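These are the residues of each chain, in order.
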Amino acid sequence: LFVVLNSDQVWDEDGFKPLLWRLMDGWNDEKYDIVLLLQDMKTICGDDYHGLGDYKFDVSGRPVRNLNKEAGFPYKFSGISIVHPRVFKNSPDGKFSMVALYDRAQGEGRLGAVVNTGVMYMMSSPEAVAAAENSRLSR
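Quick summary incoming for the structure in this document.

What counts, and at which threshold
Residues numbered from 1 in each chain as written. Predicted model: local features only at pLDDT ≥ 70, side-chain atom pairs only at ≥ 80, totals over all residues. Heavy atoms only, no water. Helix = DSSP H or I, 4+ residues; strand = E, 2+ residues; numbered from the N terminus. Rg over C-alpha atoms; globule rule 2.2 N^0.38 Å. Buried < 20%, exposed > 50% of the residue type's maximum accessible area, 1.4 Å probe, protein only. Areas by Shrake-Rupley, 256 points an atom, 1.4 Å probe, with all protein chains shown as cover. Lys, Arg positive; Asp, Glu negative; His and termini not counted. Charge placed at Lys NZ, Arg CZ, Asp CG, Glu CD. Pairing = 2+ DSSP bridges.

### As for the overall build of the protein
Secondary structure summary: the protein contains 3 helices and 9 strands in total. Overall, the protein shows an N-to-C arrangement of helices and strands of β-β-α-β-β-β-β-β-α-β-β-α. Taken over the C-alpha trace, the protein has a radius of gyration of 15 Å; the compact-globule value for 139 residues is 14 Å, and the two agree within 12%. Each of the three principal axes of the protein carries a C-alpha extent, and together these read 45 × 35 × 35 Å. Per-residue burial over the protein gives 39% buried out of 139 residues. Roughly 8000 Å² of accessible area belongs to the protein as shown, and the carbon and sulfur atoms make up 54% of that amount. Placing the 16 positive and 19 negative side-chain charges of the protein at their respective mean positions leaves the two points 5 Å apart.

Here's what the structure looks like:
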């Protein structure tokens, strides 16, 4: 398995179990090819995360991506995922977005997700760092 981690986020842990362990607890090799860490939009601090969410859960608890950029998707993808190497079979040649693999796993019913209950801070610009430093979301 791969743990894929974007480098421009910082998380404020919530609870006693570290975030990556909680994500690993969500992994089930028989059910999933990819498990995403999702973040509630209300617990994100940073200038890059305003607007519409990326995911919601369907009635069976499976994550569904916001393909049509609609309201009602309360979660953003946090930049952390667990990815099984088998998802790269038949992947596009050259550079491609991992979103293509997320969508394929979703379509095959093999995409899972865990929601982070702590705060996520975007650190992708000086403005986002300042927002995190002055945030009222932190405890």
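Next comes the rest of the account.
### Let's talk about the sheet that holds strand β9 (residues 119-122)
Pairing between the strands of a sheet comes from backbone hydrogen bonds, and it takes one of two forms, parallel or antiparallel. What the 3 strands build is an open sheet, ordered β2-β9-β4; its pairing is mixed. Where the open sheet ends on each side, the last strands, each with one partner, are β2 (9-12) and β4 (44-45). Inspection of the sheet shows β4 paired to β9 by 2 bridges, in the parallel sense. Of the residues in β9, the one forming a bridge with Ile 44 is Met 120.

### A closer look at the pairing of strand β3 (residues 34-40)
Working note: regular strand, side chains alternate between the two faces of the sheet. Among the 7 residues that make up β3, 7 are buried, leaving the element largely enclosed by the rest of the structure. Where burial is concerned, the two faces of β3 agree: the one with Ile 34, Leu 36, Leu 38 and Asp 40 and the one with Val 35, Leu 37 and Gln 39 are both buried. Bridging between β3 and strand β7 (residues 75-83) involves 6 bridges; their strand directions are antiparallel. Looking at β7, one finds that Leu 38 is bridged to Phe 77.

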